Amino acid sequence: MPTNSPYALQNKRVWVAGHRGLVGAALVRRLAAEQCEILTVGHVDCDLRQAPAVEAWMTANRPQAVFVAAARVGGIYANDSRPADFIYDNLMIAANVIEAARRTGVEKLLFLGSTCIYPRLAPQPMHEDSLLTGPLEPTNQWYAVAKIAGIKLAQAYRRQHGCDFISAMPTNLYGTGDNFDLRSSHVLPALIAKAYDAVEHDAPTVEIWGSGRPLREFLHADDCADALVHLMKNYSGEDIVNVGSGQEVSIADLAYLVCRVAGFRGRLVFDTGKPDGTPRKRVDIGRLTALGWQPHITLEDGVRETYRWYAEHRRSVRRQQLEAV
Ligand code: GFB
């Protein structure tokens, strides 16, 4: 069972691994209020898939607390089409950072997983105890297996070495600075980019992948970062902790919401040749709320804010996408 054990971040050297990602950037914004020293390092200076590079950087920079927000992430298509990247990169990042954290005497580490670690047909809402009770969703099993290995590493290092390493499982996240590239993005930024384009070009339709029937729970990245800081400060235990909003919506209703926010008045076309993925993955956030945390940002407010951000930044977002090709 979860236990409380206050950990002060004040005056600590706190490394946000993956500070350019959706959650990492939100963590950097959130930690600004904690009077700690925030450490970051880019991919060019420290490739987290290389153990010697990770250990050398951590030895030189001596973080006391670590958020492992670095990961290869992507939507259903990216997961399904690049299985080797998703399993290898995420396994290496987890193993290298966790082992180097032990060797360099990190006081506290929070490993970020994902709710896709749970069985495809886990009872809803998905409780933490569903882990490893059934087969995974095939489209993202590679990513899920790597994340399960990360959880088990954190638990094993707790047991064998007494390290204060914990793991949190966030639901589907979104927010400003997300990946809007349709080839690799998750559904919410994809819908924002598609609806924006349709309005801009006066298109009659917006294409939605799959049947529109799958249900997803969404949490704003700023809420997620707030929950992760709360866990870092207030939770110490082997049990994993779900991080979610309780706001579940069908993909079709999400698409209608995004189109309403964008002012798109055309039709939605569902491409059932594309995969639906897992039918439903609502999480039980009882453990997190029992620790005194609640979400604050409603889905509608979060979508409006993210849409506004995309509209303001779309030129630089598109430039980055072209550079990435
Ligand atoms: O967000 P998403 O790519 O990933 O897709 P998952 C969610 C649902 O939205 C699926 C549908 O049913 C998609 O078919 N969808 C509709 C779309 N239109 C689109 C579109 O234009 N783009 C995308 N991407 N989807 C991911 C995992 O699963 O969830 C990751 O693959 C991770 O590993 C993440 O765990 C949180 O929710 O299906």
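Computed from a predicted model, the values in this text were never measured in an experiment. (Residues numbered from 1 in each chain as written. Predicted model: local features only at pLDDT ≥ 70, side-chain atom pairs only at ≥ 80, totals over all residues. Heavy atoms only, no water.)

A. Structural view of the overall build of the protein. The secondary structure content of the protein amounts to 10 helices and 11 strands. On C-alpha atoms alone, the protein measures out to a radius of gyration of 19 Å, which is about the 20 Å that the 2.2 N^0.38 rule sets for 325 residues. In terms of overall dimensions, the protein has C-alpha extents of about 60 × 40 × 35 Å along its principal axes. Counting all 325 residues of the protein, 52% fall into the buried class. The contacts in the protein between residues at least 6 apart in sequence include a share of 81% that link residues at least 24 apart. Here the protein has roughly 14,300 Å² of accessible surface; of this, 50% comes from carbon and sulfur atoms. Taking the average location of the 36 positive side-chain charges in the protein and that of its 36 negative ones, the two points are 1 Å from each other. (Helix = DSSP H or I, 4+ residues; strand = E, 2+ residues; numbered from the N terminus. Rg over C-alpha atoms; globule rule 2.2 N^0.38 Å. Buried < 20%, exposed > 50% of the residue type's maximum accessible area, 1.4 Å probe, protein only. Contact = heavy atoms within 4.5 Å. Areas by Shrake-Rupley, 256 points an atom, 1.4 Å probe, with all protein chains shown as cover. Lys, Arg positive; Asp, Glu negative; His and termini not counted. Charge placed at Lys NZ, Arg CZ, Asp CG, Glu CD.)

B. Inspection of the site of the ligand at higher detail. The environment of the ligand is made up of 22 residues, and the closest members are Ile76, Lys194, Arg216, Pro275 and Asp276. Between Ser114 and the ligand, the recorded distance is 3.0 Å, taken from a side-chain N or O atom to an oxygen atom. Within the backbone of Pro275, one N or O atom sits 2.7 Å away from an oxygen atom of the ligand. Burial of the ligand by the surrounding chains reaches 97%, relative to a free accessible area of 710 Å². Taken together, the elements giving at least two residues each to the shell around the ligand come down to helix H3 (76–81), helix H6 (187–200) and strand S7 (205–209). In terms of residue count, the dominant contributor to the shell around the ligand is H6 (3 residues). When its residues are assigned to classes, the shell around the ligand shows 10 nonpolar, 8 polar and 4 charged. (Near = heavy atom within 4 Å. Polar contact = N/O pair within 3.5 Å; in protein donor to acceptor, adjacent residues only side chain to side chain. Nonpolar A, V, L, I, M, F, W, Y, C, P; charged D, E, K, R; others polar.)

C. Representation of the sheet that holds strand S4 (residues 108–112). With parallel pairing, the 6 strands of this open sheet are ordered in space as S2-S1-S3-S4-S5-S9. This sheet does not close on itself; its edge strands, each paired only once, are strand S2 (37–39) and strand S9 (241–243). Pairwise comparison of adjacent strand axes, ignoring direction, gives a mean angle of 25 degrees for this sheet. When strand S1 (residues 13–17) meets strand S3 (residues 65–68), the two strands line up parallel, connected through 4 bridges. By the bridge assignment, Ala17 is partnered in S3 with Val68. Running at roughly 155 degrees to strand S5 (residues 165–170), helix H5 (residues 141–161) makes contact with S4 and S5 of the sheet. Together, S3, S4, S5 and S9 form the strand contacts of helix H7 (residues 221–234), whose direction differs from that of S4 by roughly 145 degrees. (Pairing = 2+ DSSP bridges. Axes fitted to C-alpha atoms, helices over the stretch in contact; angles between N-to-C directions.)

All we've got here are geometric facts, nothing functional implied.
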